[in-house]
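For reference, the chains in residue letters:
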Amino acid sequence: MVDAEVHVIDRGGLYCDMNYMMEANTIGSHEVPNPDTEYGEIPVWNLVIDHPEATILWDTGSHHDAADGHWPEGLVQAFYPHDASEHRLDDDLEAAGYSIDDIDAVFQSHLHLDHAGGLEFFADTDTPVYVHEEELKFAYYSAKTDEGSGAYVLEDFDHDLNWQVLHRNREEHFTDLEFIRFPGHTPGLTGSMIHLDDDGTIVFTGDQAYMDENYENGTPLGGPLIWGKTEWAESMNRIHELERRHDAEVVFGHDPEQFEKIQPGWGL
């Protein structure tokens, strides 16, 4: 167990069709062939982990110019970042009592456009940026070719960064804070498990599970946002096992109801 504090940083929200969050969330039938789509807002958030060994930023959110030319128009329309301009990473950190210079290390669960948009603040610095090897490869493959995933924006991560590449499925670089690969949403998606003195064990799934529905009912992510269904199911089983073994709290990537509950953070 580690005496650490975990702060939740509100980074705005995205409006999208909930069919992206949950496969077949809205489907037609013979009597209702064209049902109304459920369209709503999902939260974007980062963590600051005040660990005895480092102050760690967990993900970097959407770019503040996402709706103003940084994202391709098709992605703006699919995942409308309505308040991105109000959520610069440096400003959001300052509101939480931190500066960019206070961050000793960055952890990227993956490099999709709503998770890697603040990496530019760490360009040309010595700040280590942890990301899995499979994620880094897939991000560049996707951004540089017509294959892979369309949810990567090259300008988010194509900087002179102090990459610290994770190669194994489980790695511990800070005491009682483990980085665990959960392939499925992307091949290199990596979550975290931390064992806190006062609050017990917390597993952050990242976008392996967007919402409670994905985790509790086993509903896969929407088709375009799942890289491998078999891998996704295997990773989900792995998270359930971690929950059982450690009596852990499991935190999802974009669940609006859970986000309201976790905003106070942990260990505070």
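A quick note: this is a predicted structure, and the numbers were derived from the prediction, not measured. (Residues numbered from 1 in each chain as written. Predicted model: local features only at pLDDT ≥ 70, side-chain atom pairs only at ≥ 80, totals over all residues. Heavy atoms only, no water.)

Asks: Explain the overall build of the chain to me, please; I cannot follow it from the model alone.
Replies: Helix and strand counts for the chain stand at seven helices and 11 strands. Taken against the 2.2 N^0.38 rule, which gives 18 Å for 268 residues, the C-alpha radius of gyration of the chain at 18 Å falls within 12% of a compact globule. Principal-axis analysis of the C-alpha atoms gives the chain an extent of 60 × 45 × 35 Å. For the chain, contacts bridging at least 24 residues in sequence account for 69% of all contacts bridging at least 6. As displayed, the chain has an accessible area near 11,600 Å², and 42% of this comes from carbon and sulfur atoms. (Helix = DSSP H or I, 4+ residues; strand = E, 2+ residues; numbered from the N terminus. Rg over C-alpha atoms; globule rule 2.2 N^0.38 Å. Contact = heavy atoms within 4.5 Å. Areas by Shrake-Rupley, 256 points an atom, 1.4 Å probe, with all protein chains shown as cover.)

Asks: What exactly am I supposed to notice about the sheet that holds strand β8 (residues 177-181) here?
Replies: Strand pairing in a sheet relies on backbone hydrogen bonds. The paired strands run either parallel or antiparallel. Sheet architecture is open: five strands sit in the order β7-β8-β9-β10-β11, paired in mixed fashion. Bordering the open sheet on either side are β7 (170-174) and β11 (249-251), each of which pairs with just one other strand. Put simply, the sheet's adjacent strands are angled 20° from each other on average, direction ignored. (Pairing = 2+ DSSP bridges. Axes fitted to C-alpha atoms, helices over the stretch in contact; angles between N-to-C directions.)

Asks: So what exactly am I meant to see when it comes to the nonpolar core here?
Replies: For soluble globular proteins, the rule of thumb is that nonpolar side chains tend to be buried together. Of all hydrophobic cores here, the largest spans 36 residues; its most connected members are Met21, Trp71, Phe79, Phe182, Val203 and Tyr215. If you list the elements that add at least two residues to this core, you get β1 (5-17), β2 (39-51), α1 (73-78) and α6 (229-246). Per-element tally for this core: the top contributor is α6, with four residues. When sequence neighbours within four positions are dropped, the list of residues in contact with Phe182 reads Leu189, Thr190, Gly191, Val203, Phe204, Thr205, Gln208, Ser235, Arg238, Ile239 and Leu242. Counting residues in hydrophobic clusters, the runner-up holds 25 residues, among them Val8, Trp45, Phe174 and Phe259. (Core = buried A, V, L, I, M, F, W, Y, C linked by side-chain atoms within 4.5 Å. Buried < 20%, exposed > 50% of the residue type's maximum accessible area, 1.4 Å probe, protein only.)

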